[in-house]
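# Overview (structure and organization)
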Amino acid sequence: MNKISEEVQEQAMKMAKSIQRPNQTKEQTKLISQGIEKGIAEYKKQQNKKSRERDKARKAKLKTVLDKPEVAEAAKVDRNLLPWGLLILSWVGFITWVML
């Protein structure tokens, strides 16, 4: 079903070996490693789900903000003024530098 990546398997085995007890068999260590793999996979699933929910909420909020015409128009005007303002400022600076 859900394939666990090689990297996760290596991390799980490394963690299982780091907590290995004396007289613990390889089979026991392998079972512990598999449990860690499942835990990591479950954690990643939860994080992906939370990420999708945050993204949906962000998109919904953005959509409601952009549905209001005055807000969308204000954002549009702000974006248009910045390049022109920077252009004018650079020309004023250039002319001042040439005059001095």
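Attention now goes to helix H1 (residues 6-18). With 13 residues, H1 should reach 18 Å at 1.5 Å per residue; the first-to-last C-alpha distance of 18 Å fits that figure. All buried positions along H1 are accounted for by Val8, Ala12 and Ala16. Looking down the long axis of H1, one finds its buried residues gathered within 70° of arc, a one-sided arrangement. In this structure, H1 carries Glu6, Glu7, Glu10, Lys14, Lys17 and Ser18 as exposed residues pointing more than 90 degrees from its buried face. For H1, the secondary structure elements touched by its buried residues are helix H2 (26-67).

With that out of the way, let us pick up a nonpolar patch on the surface. On the surface, Trp84, Leu87, Trp91, Phe94, Ile95, Trp97, Val98 and Met99 cluster together to form a nonpolar patch covering roughly 1,000 Å² of accessible area. Considering the arrangement of structural elements, one finds Met99 in helix H3 (residues 69-99).

What follows concerns the side chain of Glu37. Considering the arrangement of structural elements, one finds Glu37 in helix H2. Among buried charged residues, Glu37 stands out as having no salt bridge; its nearest opposite-charge side chain is Lys38, 8.3 Å away. Glu37 has contacts with Ile4, Val8, Gln9 and Ala12, leaving out every residue within four places of it along the chain.

Here the focus is the pattern of salt bridges. Going through the model one piece at a time under the given rule, you end up with two salt bridges. Among the ionic pairs, Asp55 bridges to Arg58, the shortest N-O distance being 2.7 Å. Remark: Arg58 and Asp55 occur in helix H2; sequence separation between them is three residues, near one turn of the helix. Overall, the relative accessible area of 30% leaves Asp55 in the partly exposed class. The partner of Lys59 in a salt bridge is Asp55, and the shortest N-O contact between them spans 3.5 Å. Placement of both Lys59 and Asp55 in helix H2 is noted, with a separation of four residues, approximately one turn of the helix. A residue is classified by how much of its surface remains accessible, and Lys59, at 49% relative accessible area, is partly exposed.

What counts as what
Residues numbered from 1 in each chain as written. Predicted model: local features only at pLDDT ≥ 70, side-chain atom pairs only at ≥ 80, totals over all residues. Heavy atoms only, no water. Helix = DSSP H or I, 4+ residues; strand = E, 2+ residues; numbered from the N terminus. Expected span 1.5 Å × (residues − 1). Buried < 20%, exposed > 50% of the residue type's maximum accessible area, 1.4 Å probe, protein only. Arc of directions from axis to C-beta. Contact = heavy atoms within 4.5 Å. Patch = residues over 30% accessible without salt bridge, like charges linked within 9 Å, V, L, I, M, F, W, Y side chains within 5 Å. Areas by Shrake-Rupley, 256 points an atom, 1.4 Å probe, with all protein chains shown as cover. Salt bridge = Lys/Arg side-chain N within 4 Å of Asp/Glu carboxyl O. Lys, Arg positive; Asp, Glu negative; His and termini not counted.

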